Amino acid sequence: MPYCSAADVRLLSGITSDVISDIDLEGFIELSDQQINDDIGSVTPPVPTRIKDLSALLTAIRLFNRPDLRFRVSQTGLTEQEIEKALERWRREVDRIYAYYGKVVSEAPDSLKMV
């Protein structure tokens, strides 16, 4: 069971189905959830709100860091500066949630989080 839904990621990021389909988005959610499982451990239902938020945040960060999707997102009217501000804000929130669970997260060169 995924920790968040495509609708959660769309609400957070503003990314529409014109940019990425729900099926493709669910693949990104699966990657984010696997990262959470590796970093924090598996979470059993009911999924805490922090974990749901973390899954949506990690997924949005992945999407906005992909050059092909970033180009499509920029065509929706978001400027490069707005995209960078969103990424910065989301990364701070990810760090805050990891800290809550006692994890220190460092930025990897390829923009993926490692614990």
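For the structure itself, look to the data block above.
Computed from a predicted model, the values in this text were never measured in an experiment. (Residues numbered from 1 in each chain as written. Predicted model: local features only at pLDDT ≥ 70, side-chain atom pairs only at ≥ 80, totals over all residues. Heavy atoms only, no water.)

Chemist: I'd like a description of the packing of aromatic side chains, backed by residues and values.
Modeler: The full count for this structure, using the stated rule, is two aromatic pairs. Seen in terms of ring centroids, phenylalanine 64 and tryptophan 90 are 5.0 Å apart; in terms of plane orientation they differ by 80 degrees. Their pairing is edge-to-face. One end of the pair, phenylalanine 64, is in helix 3 (residues 49-65); the other, tryptophan 90, is in helix 5 (residues 80-100), with 26 residues separating them in the sequence. Neither phenylalanine 64 nor tryptophan 90 differs from the other in exposure class; each is buried. Geometry around tyrosine 100 places arginine 50 over its ring, the cationic atom sitting 3.6 Å from the centre. (Phe/Tyr/Trp six-rings, centres within 6.5 Å; stacked < 30°, edge-to-face > 60°. Helix = DSSP H or I, 4+ residues; strand = E, 2+ residues; numbered from the N terminus. Buried < 20%, exposed > 50% of the residue type's maximum accessible area, 1.4 Å probe, protein only. Lys NZ or Arg CZ within 6 Å of the ring centre and 35° of its normal.)

Chemist: Can you tell me about the environment of leucine 57, naming the residues and giving the values?
Modeler: Tracing the sequence through the fold places leucine 57 in helix 3. You can call leucine 57 buried: its relative accessible area is 5%. Distance in space between the C-alpha atoms of leucine 57 and serine 13 is 8.5 Å, their sequence separation being 44 residues. Beyond its immediate chain neighbours, meaning those up to four positions away, leucine 57 contacts Leu12, Trp90, Glu93, Val94 and Ile97. (Contact = heavy atoms within 4.5 Å.)

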